[in-house]
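Results of the structural survey
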Amino acid sequence: MKVYAFEWCDCVFESGYSIQSLHATKAGAYKAMKRTLFERWNESRWGCSGRFKPNDTPLIYESWRVRTIEVLS
């Protein structure tokens, strides 16, 4: 049996990937990744103040992926 993990790394220079969610389908994992990345991008571009930061490059040091995990029974 296979499960699909959406994994995220907050800094490519200092940390490794951590599992954010597990899914039965690859499409489900990609959907969760897309939703999370969109939310994080909006947070980094607008911030808590609600003001746009034009010179900022959001998510430049972050990384994300979908990985297949084989589950043995």
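Up top you'll find the structure we're talking about.
Everything in this summary refers to the structure shown in the same document. Remember, predicted model here, so these are calculated numbers, not experimental data.

Another aspect to go through is the overall build of the chain. Counting its secondary structure elements, the chain contains one helix and three strands. In sequence order, the secondary structure elements of the chain are arranged as β-β-α-β. Out of the 73 residues belonging to the chain, those deemed buried represent 29%. Taking all contacts inside the chain whose residues are at least 6 apart in sequence as the whole, residues at least 24 apart take part in 53%. With an accessible surface of roughly 5,500 Å², the chain has 56% of that area assigned to carbon and sulfur atoms.

Considering all chains together, one arrives at three salt bridges under this definition. A salt bridge links Arg 65 to Glu 7; the nearest nitrogen and oxygen atoms lie 2.5 Å apart. One end of the pair, Arg 65, is in strand E3 (residues 63–70); the other, Glu 7, is in strand E1 (residues 2–9), with 58 residues separating them in the sequence. Overall, the relative accessible area of 33% leaves Arg 65 in the partly exposed class. A relative accessible area of 3% means that Glu 7 is categorised as buried.

Relative to the assigned elements, Ser 15 resides in the loop between E1 and strand E2 (18–23). For the pair formed by Ser 15 and Glu 62, sequence separation is 47 residues and the distance between their alpha carbons is 9.8 Å. In terms of polar contacts, Ser 15 uses its side chain to reach the side chain of Asp 10, at 2.7 Å.

What follows deals with the nonpolar core. Ranked by size, the top nonpolar core spans seven residues in total: Tyr 4, Phe 6, Ala 29, Ala 32, Met 33, Leu 37 and Val 66. When contributions to this core are tallied by element, the ones reaching two or more residues are E1 and helix H1 (26–46). If we skip the residues at most four places from it in the chain, Ala 29 touches Tyr 4, Phe 6, His 23 and Val 66.

So, on to the sheet that holds E2. Pairing is antiparallel in the open sheet, where three strands are placed in the order E2-E1-E3. Sheet topology places E2 and E3 at the edges, where each strand pairs with a single neighbour. Averaged over neighbouring strand pairs, the angle between their axes works out to 30° when direction is ignored. As paired elements, E1 and E2 share five bridges and run antiparallel to each other. When the bridges of E2 are listed, Ala 5 appears paired with Leu 22.

Calculation notes
- Residues numbered from 1 in each chain as written.
- Predicted model: local features only at pLDDT ≥ 70, side-chain atom pairs only at ≥ 80, totals over all residues.
- Heavy atoms only, no water.
- Helix = DSSP H or I, 4+ residues; strand = E, 2+ residues; numbered from the N terminus.
- Buried < 20%, exposed > 50% of the residue type's maximum accessible area, 1.4 Å probe, protein only.
- Contact = heavy atoms within 4.5 Å.
- Areas by Shrake-Rupley, 256 points an atom, 1.4 Å probe, with all protein chains shown as cover.
- Salt bridge = Lys/Arg side-chain N within 4 Å of Asp/Glu carboxyl O.
- Polar contact = N/O pair within 3.5 Å; in protein donor to acceptor, adjacent residues only side chain to side chain.
- Core = buried A, V, L, I, M, F, W, Y, C linked by side-chain atoms within 4.5 Å.
- Pairing = 2+ DSSP bridges.
- Axes fitted to C-alpha atoms, helices over the stretch in contact; angles between N-to-C directions.

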